[in-house]
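# Commentary on secondary and tertiary structure
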Amino acid sequence: MDEVTGAELIAESLRAQKVEYMFGIVGVPVIEVAMAAQAAGIKYLGMRNEQAACYAASAIGYLTGRPGACLVVSGPGLIHALGGMANANENCWPVVVIGGSSDRNQETTGAFQEFPQVEACRLYSKFSARPSSLEAIPSVIEKAVRTSIYGRPGACYVDIAGDMVNAKVNRSQVREASCCPPPPVSVAHPSDITEAISVLKAAKNPLVIIGKGAAYGRAENVLRDFVETSGLPFLPTPMGKGVLPDDHPNCVAAARSRALLQADTILLLGARLNWILHFGLPPRFSSNVKIIQVDLCPEEMGNNVRPAVALLGDINAIVTQLFTCVQKDGWKFPSGAHWWSSLKEKILLNANMTQALALEESVPMNYYTVFNHVSQLLPKDCVIVSEGANTMDIGRTMLHNYLPRHRLDAGTFGTMGVGLGFAIAAAAVEKCENRGRRVVCVEGDSAFGFSGMEVETMCRYKLPVIIIVVNNNGIYSGMDPETWKEMAQMGDLTTIAPPVSLLPEARYDEVMSAFGGRGFLVRTVTELRSALELSLSDWEKPCLLNVLIDPSSDRKKQEFPWLTRSNL
């Protein structure tokens, strides 16, 4: 008899659905699942925390279009992964979580790590189920993968009872499930496309907003054709950066506030009018702005602002429809329009302000000086992962992206701690595909602390990630060493140390060195450039630059705060 175990069925089913990467932490009862995954040809990366494992698996979904798998143990292991599932759902990234659970004959008895896992995951996923038998595993895995990528992408959960992992069944009894095809492509109604073009033509201050949905939808080629043919200015959202290059002449990211406030018509491509875009409401937007909304999800249409035109469907297909119309009638927004002059004026003004800060030579350095020199050395094709408060926001404006899906950050959920998991996922893909692109993870010191032990994972798998920790000794801002010492002599630090403070000049570089990577302590521009050049030339091991900056360094004064707190 040709028998197969539950673990083997899980692995073979994932492989049949073209799942190529698995991240997780093994223990009872899922060790055999990881071993079976490797035997089936799935790349397994053991992480140090289930949250980071789930972040990595979801990033695989975004980068490749096919979900990564996250393998966790029962109870606490699954609970730790819930943060990654929630983040994947908010970002609309596909991921499949496989969780071990208590043996079926021990349910309700107080079994080891017993927890209502299927029920708990329903709040954090699109699909949550336990196969009723070994025979059903392939069909449940197929549905989980299919559900994760169809419609609005997101997280799915498959629960595996501990006694099912090593149990055996005859292959002839197993219900086979063929690989689910790519999601079906839908297009907008031609009359809606015609109306959208008419609204654009009537606009005096039109703007295209490119979201990460356009990156996920692989719309970069036709989007470039559309923007260049129509002559429209575009503004990328943080992870929409690189869908079209940041140095494209039509990019107005450096005039973001003016573009949003004064636009009278916005073509919204794969982005949502949530907090990242200030809900589409005053004071950040004109009260009379017309929104042409392009989205895959019908429930998203009209959130916060009713669209003038709603184009429901696949973003790549819809932009192709728009491009065909523009190309056919030869319309182009005039390059000499007052709108373009106003935007270019603001771009130049902001560039001058940023440059003045970037050229400061004081020690300790400020954010702008650090990013100015980092930006000069980074390869144009590198993948940039970024998280932190000022570190992420300032880096978004100064570290340019030139290729789609080459920026990963805290995302829609504003999640801190995603950086190292995202970097591991990106490095694993780059290593597998042998494209020679570097992965650079730019972290605030607070953000690095959420998942800092994942540097051991990087060293173990020889992933040449470059981590740049922009270290200001705190959350938002910190304290200089002398002030910290004086304060420590005043009494119990738990009652007097500012809640935003961290240990001054912590040696994060030595954490990397402890695991066999290369660590650099950086205080000056010369040290920064030297360390980054050495790191970029080292393809054998991960590197960490611990860049000490002025604890009081801040971003330049903003006309509007990034996080809108108006009454909606």
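Above this text is the structure in question.
Not measured: the values here are computed from a predicted model.

### Overview of the overall build of the protein chain
- Secondary structure summary: the protein chain contains 22 helices and 21 strands in total.
- On C-alpha atoms alone, the protein chain measures out to a radius of gyration of 25 Å, which is about the 24 Å that the 2.2 N^0.38 rule sets for 568 residues.
- Expressed along its principal axes, the backbone C-alpha trace of the protein chain runs to roughly 75 × 70 × 45 Å.
- Relative to all contacts within the protein chain whose residues are 6 or more apart in sequence, the contacts with residues 24 or more apart total 77%.
- Entry remark: accessible area of the protein chain is about 22900 Å², with carbon and sulfur atoms responsible for 53%.
- Distance between charge centroids for the protein chain: 6 Å, based on 51 positive and 57 negative side chains.

### Brief notes about a nonpolar patch on the surface
- Taken together, the side chains of Val26, Ile31 and Met35 define a hydrophobic patch exposed on the protein surface, amounting to about 260 Å² of accessible area.
- Inspection of the secondary structure assignment puts Ile31 in helix H2 (residues 31–39).
- The partly exposed category is assigned to Ile31, whose relative accessible area is 37%.

### So, the nonpolar core
- Counting residues in hydrophobic clusters, the biggest one holds 150 residues, and the most contacted among them are Phe23, Phe226, Leu311 and Ile467.
- With 10 residues, the top contributor of residues to this core is helix H3 (residues 50–64).
- Those residues in contact with Phe226 that lie beyond four places of it in its chain are Leu200, Val208, Leu232, Leu267, Val319, Leu322, Phe323 and Val326.
- Judged by nonpolar contacts, the second largest core, of 29 residues, contains Met365, Val374, Met398 and Ile468.

### Quick look at helix H14 (residues 367–377)
- The element H14 is extensively covered by neighbouring structure, given that nine of its 11 residues are classed as buried.
- Here H14 has its buried residues at Tyr367, Tyr368, Thr369, Val370, Phe371, Asn372, His373, Val374 and Leu377.
- In this fold, the buried residues of H14 make contact with helix H13 (338–358), helix H15 (390–398), strand E16 (439–444), strand E17 (466–471), helix H22 (525–537) and strand E21 (543–548).
- The distance from a side-chain oxygen at the start of H14 to the backbone nitrogen of Tyr368 is 2.8 Å, and the residue carrying that oxygen is Asn366.

### Some thoughts on the pattern of salt bridges
- Counting across every chain of the model gives 23 salt bridges.
- A salt bridge links Arg224 to Glu228; its shortest N-O distance comes to 3.5 Å. With a gap of four residues between them, Arg224 and Glu228 both fall in helix H10 (residues 220–230), about one helical turn apart.
- Salt bridges linked by common partners bring Asp2, Glu12 and Arg171 together as one network.

### Concerning the sheet that holds E16
- Taking strand neighbours across the sheet as the criterion, the six strands line up as E15-E14-E16-E17-E21-E20 in an open arrangement whose pairing is parallel. Each having just a single partner strand, strand E15 (407–408) and strand E20 (518–522) make up the two edges of the open sheet.
- Where E20 meets E21, five bridges bridge the pair, whose relative direction is parallel. Across the sheet, the residue bridging to Leu521 is Asn546, located in E21.
- H15 contacts strand E14 (383–387), E15, E16 and E17 of the sheet and is inclined by roughly 145° relative to E14.

### A short note on the environment of Val383
- Residue placement: Val383 occurs in strand E14.
- With relative accessibility at 2%, the residue Val383 sits in the buried group.
- Considered as a pair, Val383 and Met458 are 75 residues apart in the sequence and their alpha carbons are 16 Å apart.

### Some remarks on the packing of aromatic side chains
- All chains considered together, the criterion is met by four aromatic pairs.
- When the centroid spacing of 4.6 Å and the interplanar angle of 15° are considered together, the rings of Tyr62 and Trp93 count as stacked. With Tyr62 in helix H3 and Trp93 in the loop between helix H4 (76–91) and strand E5 (95–101), this pair connects stretches of sequence that are 31 residues apart.
- Residue Tyr62 is classed as buried on the basis of its relative accessible area, which comes to 0%.

### Re the side chain of Asp409
- In this fold, Asp409 is placed in the loop between E15 and helix H16 (419–433).
- Engagement of the side chain of Asp409 in a polar contact is seen with the side chain of Arg407, the distance being 2.9 Å.
- Within the structure, the side chain of Asp409 is placed 2.8 Å from the backbone nitrogen of Gly411, a separation counted as a polar contact.

### So, the sheet that holds strand E9 (residues 206–210)
- What the five strands build is an open sheet, ordered E10-E9-E11-E12-E13; its pairing is parallel. At either margin of the open sheet sits one strand with a lone partner, and together these are strand E10 (234–236) and strand E13 (309–312). Strand-to-strand twist in this sheet, taken as the mean axis angle between neighbours without regard to direction, amounts to 15°.
- Both E9 and strand E11 (residues 265–269) contribute to a ladder of five bridges, which runs parallel. Its bridge partner being in E11, Leu207 is matched across the sheet by Ile266.

### A look at the side chain of Glu456
- Tracing the sequence through the fold places Glu456 in helix H18 (residues 454–460).
- A relative accessible area of 16% means that Glu456 is categorised as buried.
- Sequence-distant contacts of Glu456, that is, excluding residues within four places in its chain, are made with Arg48 and Phe515.

### Some thoughts on the packing of H3 against H4
- It is the contact of H3 with H4, at a shortest axis distance of 7 Å, that shows an interaxial angle of 35°. Crossing geometry of H3 relative to H4 is assigned as right-handed. Of H4, the residues touching H3 (which contributes Glu50, Gln51, Cys54, Tyr55 and Ser58) are Gly77, His80, Ala81, Gly83, Gly84, Met85, Asn87 and Ala88.
- Split into classes, the residues belonging to the contact of H3 with H4 amount to five nonpolar, seven polar and one charged.

So, how was this worked out
Residues numbered from 1 in each chain as written. Predicted model: local features only at pLDDT ≥ 70, side-chain atom pairs only at ≥ 80, totals over all residues. Heavy atoms only, no water. Helix = DSSP H or I, 4+ residues; strand = E, 2+ residues; numbered from the N terminus. Rg over C-alpha atoms; globule rule 2.2 N^0.38 Å. Contact = heavy atoms within 4.5 Å. Areas by Shrake-Rupley, 256 points an atom, 1.4 Å probe, with all protein chains shown as cover. Lys, Arg positive; Asp, Glu negative; His and termini not counted. Charge placed at Lys NZ, Arg CZ, Asp CG, Glu CD. Patch = residues over 30% accessible without salt bridge, like charges linked within 9 Å, V, L, I, M, F, W, Y side chains within 5 Å. Salt bridge = Lys/Arg side-chain N within 4 Å of Asp/Glu carboxyl O. Buried < 20%, exposed > 50% of the residue type's maximum accessible area, 1.4 Å probe, protein only. Core = buried A, V, L, I, M, F, W, Y, C linked by side-chain atoms within 4.5 Å. Polar contact = N/O pair within 3.5 Å; in protein donor to acceptor, adjacent residues only side chain to side chain. Pairing = 2+ DSSP bridges. Axes fitted to C-alpha atoms, helices over the stretch in contact; angles between N-to-C directions. Phe/Tyr/Trp six-rings, centres within 6.5 Å; stacked < 30°, edge-to-face > 60°. Left-handed = near helix turned anticlockwise from the far one by under 90°. Nonpolar A, V, L, I, M, F, W, Y, C, P; charged D, E, K, R; others polar.

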